[in-house]
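Spelled out from the first residue to the last, the chains are:
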Amino acid sequence: MNDNKNNIFAKLQLPNGKSIKLPILEGTVGPQVIDISSLYKETGMFTYDPGFTSTGSCESKITYIDGEKGMLLHRGYEIEYLATNSSYLETAYLLLYGNLPDKQKKEDFINAITTHTMLNEQISNFYKGFRDNAHPMAILCGVVGAMSAFYHDSTNIENKEERRIASYRLIAKMPTIAAMAYKFSIGQPFVYPSNKLNYSENFLNMLFSVPAEEYQINRVFADALDKILILHADHEQNASTSTVRLAGSSGANPFACISAGIASLWGPSHGGANEAVIKMLNEIENVKNIKQYVEKAKDKNDPFRLMGFGHRVYKNYDPRAKVLQKIAENVLKEEHKLENKLFDLAKELENIALHDSYFVEKKLYPNIDFYSGIILKAMGFPISLFTVIFAVARTVGWISHWNEMIEDKTSKIGRPRQLYIGEKPR
Ligand code: CMC
């Protein structure tokens with residue numbers, strides 16, 4: 001707990017003439033925060049900050065974002081470094097434990113995750129209860145929530161070992177659950193996990209292989225998927241992570257909490273944006289229509305926004321989008337589709353928006369969702385799976401934050417207040 005070592009305070013002057021001192025806390029890097037936790041007790045007032053634009057909700061050691069510089073660090077490592085030098089499971093280990101694993105720890109972690117990839121067979125019956133046109137995110141919410149009905153031996157959140165097993169189960173089983181949702185939607189048999197494959201290869205195999213034929217895993221695609229998973233693995237206190245923390249703050253079990261996170265991620269302002277980007281590019285259709293869509297996005301009377309643009313924290317280029325642009329080039333080269341229409345359209349849209357005063361003044365840059373869909377589409381993923389891939393990747397981030405919160409003995413149930421504007425007593 002940061003204890004205001006430097007003994008600095010902000011003074012708050014109240015209309016009744018009283019003033020109070022509020023401690024200013026410092027993190028290792030980044031803006032200072034004003035500790036207002038004693039405000040209500042001392043003044044009888046709350047703060048008001050809809051959308052939490054100026055509110056820090058917790059202490060965390062996991063991820064740091066400098067939105068002005070366009071910098072993203074996991075446990076102190078830049079995201080570009082991790083995307084170039086580590087695998088998804090190494091990054092997962094880093095997020096969970098704070099350091100990159102040595103050779104032995106890496107091997108042990110991979111073995112442990114690998115031995116949890118299969119699902120209880122009974123769970124496959126759940127899928128039959130869904131309609132075949134169900135959105136895979138709907139299935140994911142339901143099946144992950146239902147895991148708490150199957151894995152009772154890892155729901156005691158006070159027990160560290162049970163928390164570890166639940167964490168590994170979630171990381172290991174998410175690709176299996178996601179691939180089954182897809183297979184169900186296209187009427188193909190489920191493909192069981194294959195533990196001789198690495199995390200991303202296994203995911204591709206479960207999604208795209210069929211029992212009747214030999215499936216060759218494309219190295220470039222498996223590598224691209226692994227990097228996409230790394231880039232989506234965590235992002236500080238975003239909406240879905242905050243949802244997981246809030247759900248978990250009541251003591252709910254981890255499977256229920258992650259299911260809540262998946263629900264929050266689904267929205268088009270958050271993880272659902274990757275799906276929305278492709279729909280938008282298809283609608284724009286031609287470079288000559290871009291200007292008209294940019295004008296629509298700027299029109300205050302039109303709800304349309306450029307999907308994949310803008311971010312609450314980044315006021316500069318999202319560093320993940322930069323890495324993704326490179327991955328897109330590799331994947332499209334592999335596909336001999338360097339002239340890919342959507343990619344060309346996206347690059348031109350980016351170019352026009354980045355030179356438009358509206359986007360420049362509001363510091364609206366491409367975010368992670370701008371290029372991820374183009375890559376996934378070129379690799380054969382259906383649009384409805386894009387947010388599912390995001391959810392698979394983000395599971396380790398959610399789990400790391402959930403564990404951090406439970407281990408923090410000062411954390412309390414999350415319970416914001418309100419500015420009541422309804423009827424007076426009558
Ligand atoms: N197109 C047009 N105008 C925009 C856009 C956009 N994509 N994003 C923000 N603005 C404008 C907005 O109208 C507002 O203008 P004004 O100040 O005149 O009212 C200003 O920029 C600030 O926007 P805001 O909505 O107050 O900012 P926010 O921090 O609440 O929202 C955001 C952030 C990501 C929800 C928003 O930029 C957005 O809706 N972007 C499109 C959806 C998207 O790409 N989401 C993915 C986010 S990154 C991955 C993830 O989190 O999952």
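Small disclaimer: the values here were computed from a predicted structure and weren't measured.

> Looking at this structure, I do not really get the site of the ligand. What am I missing?
Lining the immediate surroundings of the ligand are 22 residues, of which His270, Leu306, Gly308, Arg312 and Lys362 lie closest. Within the complex, the protein chains bury 74% of what would otherwise be the 940 Å² of accessible surface of the ligand. The class makeup of the residues in the shell around the ligand is 10 nonpolar, 7 polar and 5 charged.

> Honestly, the sheet that holds strand S5 (residues 71-74) in this entry has me stumped. Any pointers?
Sheet strands pair by backbone hydrogen bonding; their relative direction is either parallel or antiparallel. The strand order across the open sheet built from 3 strands is S4-S5-S6, with neighbouring strands paired in antiparallel fashion. The open sheet has two edge strands, strand S4 (63-66) and strand S6 (77-78), and neither has a second partner. In the sheet, S5 pairs with S6 via 2 bridges, with the strands oriented antiparallel. Counterpart to Leu73 in the pairing with S6 is Glu78.

> Explanation requested: empty space enclosed by the protein in the structure shown.
If a probe the size of a water molecule is rolled over the atoms, the empty space left behind becomes visible. Enumeration according to the criterion identifies 1 cavity of 30 Å³ or more in this entry. What lines the largest cavity is Leu89, Ile110, Ile113, Thr114, Thr117, Ser194, Asn195, Leu197, Asn198, Tyr199 and Asn202. Of all elements in the fold, only helix H4 (103-114) and helix H8 (199-208) reach the threshold of two or more residues within the lining of the largest cavity. Element by element, the count of residues in the lining of the largest cavity is highest for H4, at 3 residues.

> What should I look at first to understand helix H3 (residues 88-97) in this one?
Because each turn of an α-helix spans 3.6 residues, side chains separated by three or four positions in sequence point in the same direction. Across the 10 residues of H3, 9 count as buried, placing the element largely inside the fold. Among the residues making up H3, those that are buried are Tyr88, Leu89, Glu90, Thr91, Ala92, Tyr93, Leu94, Leu95 and Leu96. One or two steps after H3, the chain reaches Gly98, where phi turns positive at roughly 95°.

> I would appreciate a short explanation of the packing of aromatic side chains in the present structure.
Each pair of aromatic rings is reported with the distance of its centres and the angle of its planes. Under the criterion given, the structure shown has 19 aromatic pairs. When the ring of Tyr88 is compared with that of Tyr199, the centres are 5.1 Å apart and the planes differ by 35°; the resulting orientation is tilted. Pair noted here: Tyr88 is in helix H3 and Tyr199 is in helix H8, with a separation of 111 residues, a long-range link. Relative to Phe359, the ring of Phe309 has its centre 5.7 Å away and its plane inclined at 75°; by these criteria the two rings are edge-to-face. Here Phe309 is found in the loop between helix H13 (290-298) and helix H14 (319-334), whereas its partner Phe359 is found in helix H16 (residues 357-361), with 50 residues between them in sequence. For Phe309, a relative accessible area of 10% gives the class buried. Look at Phe359 and you get buried, because its relative accessible area is 3%. Ring pairing ties together the aromatic residues Phe309, Phe343, Tyr358, Phe359, Phe370 and Tyr371, which thus form one cluster.

> I'm lost on the pattern of salt bridges in this one. Help?
In a structure, side chains of opposite charge can pair up when their charged atoms sit close to one another. Evaluation of the coordinates by the stated rule reveals 15 salt bridges. A salt bridge links Arg219 to Glu201, with the nearest nitrogen and oxygen atoms 2.6 Å apart. Separated by 18 residues along the polypeptide, Arg219 in helix H9 (residues 219-231) and Glu201 in helix H8 bring together distant segments of the chain. Look at Glu201 and you get buried, because its relative accessible area is 9%. Put simply, Glu404 and Arg245 hold a salt bridge, and the shortest N to O gap is 2.7 Å.

> When you look at H4 in this model, what are you seeing that I'm missing?
Spanning 12 residues, H4 covers 16 Å between terminal C-alpha atoms, matching the ideal 16 Å at 1.5 Å per step. For H4, the set of buried residues is Phe109, Ile113 and Thr114. One side of H4 holds all its buried residues, which, seen down the axis, span an arc of 130°. On the buried face of H4, the contacting elements are H3, helix H7 (160-185) and H8. Between the side-chain oxygen of the N-cap and the backbone nitrogen of Gln104 there are 3.2 Å, and the N-cap of H4 in question is Asp102.

> Got a minute to help me understand the layout of surface pockets in this structure?
Taken as a whole, the second largest pocket encloses approximately 240 Å³ of empty space. No other element matches H14, which puts 6 residues into the lining of the second largest pocket. Class assignment for the residues of the lining of the second largest pocket results in 6 nonpolar, 2 polar and 5 charged.

> Would you explain the state of the cysteines in this entry?
By the definition in use, this model includes 0 disulfides. Cysteine Cys58 shares no disulfide, and the gap to the nearest cysteine sulfur, in Cys257, comes to 14 Å. Among the cysteines around Cys257, which has no disulfide bond, Cys141 carries the closest sulfur, lying 13 Å off. The class of Cys257 is buried, set by a relative accessible area of 1%.

> In this structure, what is going on with the sheet that holds strand S3 (residues 33-34)? I would like to understand it.
Pairing is antiparallel in the open sheet, where 3 strands are placed in the order S1-S2-S3. Of all strands in the sheet, those bounded by a partner on one side alone are strand S1 (9-13) and S3. Summarising the sheet, S1 and strand S2 (residues 19-25) pair through 5 bridges and their orientation is antiparallel. Note on S2: the bridge partner recorded for Ala10 is Leu22.

> What should I look at first to understand the pairing of S5 in this one?
Each regular strand displays side chains that alternate between the two surfaces of the sheet. When S4 meets S5, the two strands line up antiparallel, connected through 4 bridges. Paired with Thr63 across the bridge in S5 is His74. Connecting S4 to the antiparallel partner S5 that follows it, the hairpin turn spans 4 residues, and Gly70 within it adopts a positive phi of roughly 75°. Connecting the antiparallel pair S5 and S6 is a turn made up of 2 residues, with Arg75 showing a positive phi of about 50°.

> Could you clarify how one ought to interpret a nonpolar patch on the surface in this entry?
Together, Tyr48, Leu419 and Ile421 make up a nonpolar patch on the protein surface, roughly 420 Å² of accessible area in all. Relative to the elements of secondary structure, Ile421 occurs in the segment after helix H18 (386-407).

Thresholds applied
Residues numbered from 1 in each chain as written. Predicted model: local features only at pLDDT ≥ 70, side-chain atom pairs only at ≥ 80, totals over all residues. Heavy atoms only, no water. Near = heavy atom within 4 Å. Areas by Shrake-Rupley, 256 points an atom, 1.4 Å probe, with all protein chains shown as cover. Nonpolar A, V, L, I, M, F, W, Y, C, P; charged D, E, K, R; others polar. Pairing = 2+ DSSP bridges. Helix = DSSP H or I, 4+ residues; strand = E, 2+ residues; numbered from the N terminus. 1 Å grid on protein atoms, 1.4 Å probe; cavity = no way out; pocket = protein on both sides within 12 Å on 5 of 7 lines; lining within 4 Å. Points joined across faces, edges and corners; volume = space filled by probe spheres on them. Buried < 20%, exposed > 50% of the residue type's maximum accessible area, 1.4 Å probe, protein only. Phe/Tyr/Trp six-rings, centres within 6.5 Å; stacked < 30°, edge-to-face > 60°. Salt bridge = Lys/Arg side-chain N within 4 Å of Asp/Glu carboxyl O. Expected span 1.5 Å × (residues − 1). Arc of directions from axis to C-beta. Contact = heavy atoms within 4.5 Å. Polar contact = N/O pair within 3.5 Å; in protein donor to acceptor, adjacent residues only side chain to side chain. Disulfide = S-S within 2.5 Å. Patch = residues over 30% accessible without salt bridge, like charges linked within 9 Å, V, L, I, M, F, W, Y side chains within 5 Å.

As far as function goes, none of this settles anything; it's purely spatial.
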